[in-house]
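# Coordinate analysis (summary)
Okay, here's what each chain looks like letter by letter:
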Amino acid sequence: MITPALQSLCDAVSKTVMHGHLQEFSRWVKLSGSVEERKSFAYLQARLDEWGFRTRLIDHDAYISLPGKATVTADNQSLTAITHSHSQAGRVAARLVYVGAGQESDFAGKDVKGAIVLAEGIANPVAARNASRAGALGQLHISPHHHIHEMCVSPVWGSPTTQTIHDMPTTVVCTVAQADGARLRDRLAAGETPQVVLEAEVDTSWRKTPILEAELAPDGAGPDIQFVLLSGHHDTWYYGVMDNGSANATMLEVARLTAEMKSSLKRALRVCFWSGHSHGRYSGSVWYVDQHWDELDRRCVAHVNVDSTGGIGATVLEDAAAAAELQPLAGDAITTQTGSAYKGRRKNRSSDDSFPGVGIPSMFGALSEQPPSPVKMRNALGWWWHTPEDTIDKVDPDFLARDTKVFMHVCGRLLTDAVLPIDYATHARALSAELGKIAASLAGRFDISALSAAAANLETLASTAAGDAERINAAILAAGRALVPTDYTWGDRFTHDPATPLPAWPVLQPIRDLAATAPGSDAEQFATVSAMRARNRMGFALREACNAFKSI
C-alpha cells in the first residue's frame with residue numbers, strides 16, 4: 001500500500017512543469033542519430049543534472065534506417081504513399097498478388113516470387129519476413145484508414161548480427177491509404193491486372209546514436225546498490241509530442257519528484273532515454289543490455305517502461321499491461337491514483353522492452369489507451385500515432401498528470417518498499433492456469449504433472465515468504481532470473497528473440513506443438529523429443545525459483 005509521503009509526491013505532479021517539457025520537445029524532429037535529436041537529449045541531461053542525478057550521455061553504433069521519399073503508381077496513376085524504416089531502397093515494377101494480412105498462412109499456395117504483394121493493415125515485421133522468404137520483390141500495404149503510419153519493418157530485435165542479418169527485409173515496402181489500396185484489392189478480385197510500380201528512398205547505415213543514463217541513489221549507497229530502471233525512447237517520427245514526448249515528460253517528472261524523497265530511497269532510480277527505437281528496432285536498449293548485462297543481472301530489480309502517456313481521449317486504463325508478478329502493483333497504482341478498475345493484461349514485448357532475457361520483470365509501456373473504435377488502431381494510441389499530426393495538441397494535460405501519478409506510485413513503491421512489491425505467487429497462479437490448458441489439450445499423451453506440482457509449490461512458497469526483508473528480496477530477484485526468461489523468451493538469456501509475436505511462456509511451445517500432432521505418427525515422436533527438453537527447461541526454472549524462496 002502507498003504511504004502518505006509517497007501519496008503527497010503523487011499529488012505534487014505538475015501539469016505546468018510537464019507542459020514546459022512538451023513545448024521543448026515539440027521544437028525538434030528527433031530522428032535517430034540526428035543533430036536535432038542530440039540537441040533535445042541535451043535538454044534532458046540539463047534537467048536531470050539540476051535535480052542531482054549522475055548523468056552520462058553514451059554514444060554507440062547502431063544500424064539505423066531513415067525512410068525518405070516514396071512513389072507508388074498504379075497504371076501510371078500516382079497514389080499517396082510512404083515507405084518504411086528498413087525497407088529496401090529502389091524501384092520495383094511487377095505483378096500484384098493479394099495476401100490478406102500477410103501472415104504465413106496467407107502465403108500458402110500463392111506464387112509471389114518476383115511479385116509485389118498487396119497486404120492488409122499497417123506495415124509490420126511479420127509481413128516483411130514472410131514476403132521476403134517467399135521471394136517477393138515488393139510489399140504494398142493498405143492502411144486501415146485514411147491516415148498512413150510510419151513503421152519499422154525489421155523483424156530483428158536491435159541491430160542485426162552475423163546470425164540475424166539474413167532475416168532483414170529484402171523487399172521494397174510502401175503503404176497507401178485505405179481507399180487507394182481497397183481499389184487495387186477490388187480490381188484484383190475482379191480479375192484485373194493493374195500495373196504497379198513502387199519506388200523508395202531509404203537511408204540505412206551504421207551511425208552513432210545516443211543513450212542518456214541518469215541515476216539517483218541514496219546518500220552513502222555502495223556501487224552495487226540495486227536499482228529500478230525507468231526507461232522510454234526519445235527518438236520520434238516527426239515531432240512525436242505524444243510518442244514519445246509525453247512519456248519523456250512523465251519520466252522527467254518522476255525523476256524530479258524522486259529527488260525530493262532521496263533520503264527515503266532503499267534502491268536507486270536509473271532513468272534511461274533511448275535512441276534507435278523508431279528507426280533501429282530498439283537498437284539502443286538492446287545495445288545497453290548487451291553492454292551492461294552483468295550489471296543488470298546483479299542489480300536491476302524491475303523495468304518500468306513508459307510510452308505515449310496522456311493522449312487526448314485516452315480513457316482506458318483497466319487493460320494496462322504488466323508481467324504477472326507486477327500486475328498487483330499495477331492494479332494498486334491505477335486504482336489508487338485514478339479510481340479506475342484494473343483487470344490486467346499480459347505484457348507483450350514492445351517499446352524497448354529488451355530486458356526479459358536477463359530475467360528482469362517489466363510493466364506498462366503504453367498505459368492509457370483510446371476506447372474501442374470501429375477502426376482498429378495498433379496499441380489504441382490514437383489516429384495521429386506515427387504521423388505528422390502527433391503534435392502538442394494531442395496531449396491532454398489532465399490525462400498526462402493522471403498517468404504520471406500512476407508511474408510515480410509504481411516507481412515510489414519499487415524504490416521505498418522494504419520488501420519488493422513483485423509477486424511471484426501471482427506469476428505461479430498464471431503459470432498453473434497455462435499448464436492446465438496445455439494438460440487438457442494433451443489428453444494424457446505427455447505427463448506435465450510435475451510442472452503443475454512445482455508451480456503450485458512456488459505459489460505456496462512465494463505467498464508465505466516471511467522474515468528478513470533483504471533475504472526475501474534476494475529470493476524475489478533469484479526467482480525472476482529463473483522464471484522471466486521462460487515467460488517472455490525462447491530461453492536464451494544472452495540473445496534477443498525476433499521482433500515478432502511470442503506465445504505466453506514460449507519455452508512451453510514444444511509441448512503445445514506435441515498436442516497438435518496425430519497420435520501414433522512420426523510427427524508425434526519428433527515432437528515428443530522437443531517436448532521433453534521443454535519440460536526439463538521449465539522444470540529447472542521452477543526448481544530454481546522454489547529453492548530461492550526455501551532459502552529465506
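In what follows, the structure referred to is the one given above.
What you see is a predicted model, and the numbers here were worked out from it, not measured in a lab. Sequence order as written defines the numbering, with residues in each chain counted from 1. Since the coordinates come from a predicted model, pLDDT governs what is reported: local features require at least 70, and pairs of side-chain atoms require 80 or more to be given and counted, while whole-chain, interface and lining totals use all residues. Think of the side-chain values as coming from all heavy atoms in the structure, minus any hydrogens and water.

This part is about the side chain of R256. Per the convention used, a helix needs a DSSP run of H or I reaching at least four residues, while a strand needs a run of E reaching at least two, with both numbered from the N terminus. Tracing the chain through its elements places R256 in helix α7 (residues 241-260). Using a 1.4 Å probe on the protein chains alone, a residue whose accessible area is under 20% of its type maximum counts as buried, one over 50% counts as exposed, and one in between counts as partly exposed. Classification of R256 as buried rests on a relative accessible area of 18%. N or O atoms within 3.5 Å of each other form a polar contact, as long as, within protein, one can give a hydrogen and the other can take it, and as long as residues adjacent in sequence are counted only when both atoms are side-chain atoms. Polar contacts involving the side chain of R256 include one to the side chain of E253, which spans 2.7 Å.

All right, on to the packing of helix α14 (residues 469-488) against helix α16 (residues 522-550) then. The convention used is that axes are lines fitted to C-alpha atoms, helices contributing only their stretch in contact, and that angles between N-to-C directions extend from 0 to 180 degrees. Interhelical geometry of α14 versus α16 gives an angle of 170 degrees and a closest axis separation of 8 Å. Looking at the two axes, α14 sits roughly antiparallel to α16. Of the residues in α16, those touching α14 at A475, I476, A478, A479, A482, L483 and T486 are M538, A541, L542, E544, A545, A548 and F549. Three classes are used: nonpolar for Ala, Val, Leu, Ile, Met, Phe, Trp, Tyr, Cys and Pro, charged for Asp, Glu, Lys and Arg, and polar for all others, with Gly counted as polar. Each residue belonging to the contact of α14 with α16 can be placed in one class, and the counts come to 12 nonpolar, 1 polar and 1 charged. Should an angle lie under 35 degrees it is considered roughly parallel, over 145 roughly antiparallel, and from 65 to 115 roughly perpendicular; all remaining angles are considered oblique. Every residue pair with non-hydrogen atoms within 4.5 Å of one another is taken to be in contact.

Attention now goes to helix α1 (residues 4-11). Among all positions of α1, only L6, Q7, L9 and C10 are buried. Projection of α1 onto a plane perpendicular to its axis shows the buried side chains occupying an angular sector of 155 degrees, all on one side. For α1, exposure combined with an orientation more than 90 degrees from the buried face picks out P4 and A5. Elements in contact with the buried residues of α1: α7, α10 (327-338) and α11 (397-416). This arc is built from the directions going out from the helix axis to the C-beta atoms.

Our next topic: unusual backbone geometry. In this chain, D243 is followed by N244 through a cis amide linkage whose omega measures 25 degrees. The phi torsion at Y238 lies on the positive side, around 55 degrees, for a residue other than glycine. On the secondary structure map, Y238 appears in the loop between β10 (227-233) and α7. Take Y238: its relative accessible area is 28%, and that puts it in the partly exposed class.

We now examine the sheet that holds strand β8 (residues 172-176). Being paired, for any two strands, means DSSP has found at least two bridges between them. In spatial order, the strands read β3-β8-β7-β6-β5; together these 5 strands make up an open sheet with mixed pairing. Here the strands that pair on one side only, and so sit at the sheet edges, are β3 (81-83) and β5 (96-98). On average, each strand axis in the sheet is tilted by 25 degrees relative to the strand beside it, whichever way the strands run. Relative to β8, strand β7 (residues 138-142) runs parallel, the two sharing 5 bridges. Pairing of I142 across the sheet is with V176, part of β8.

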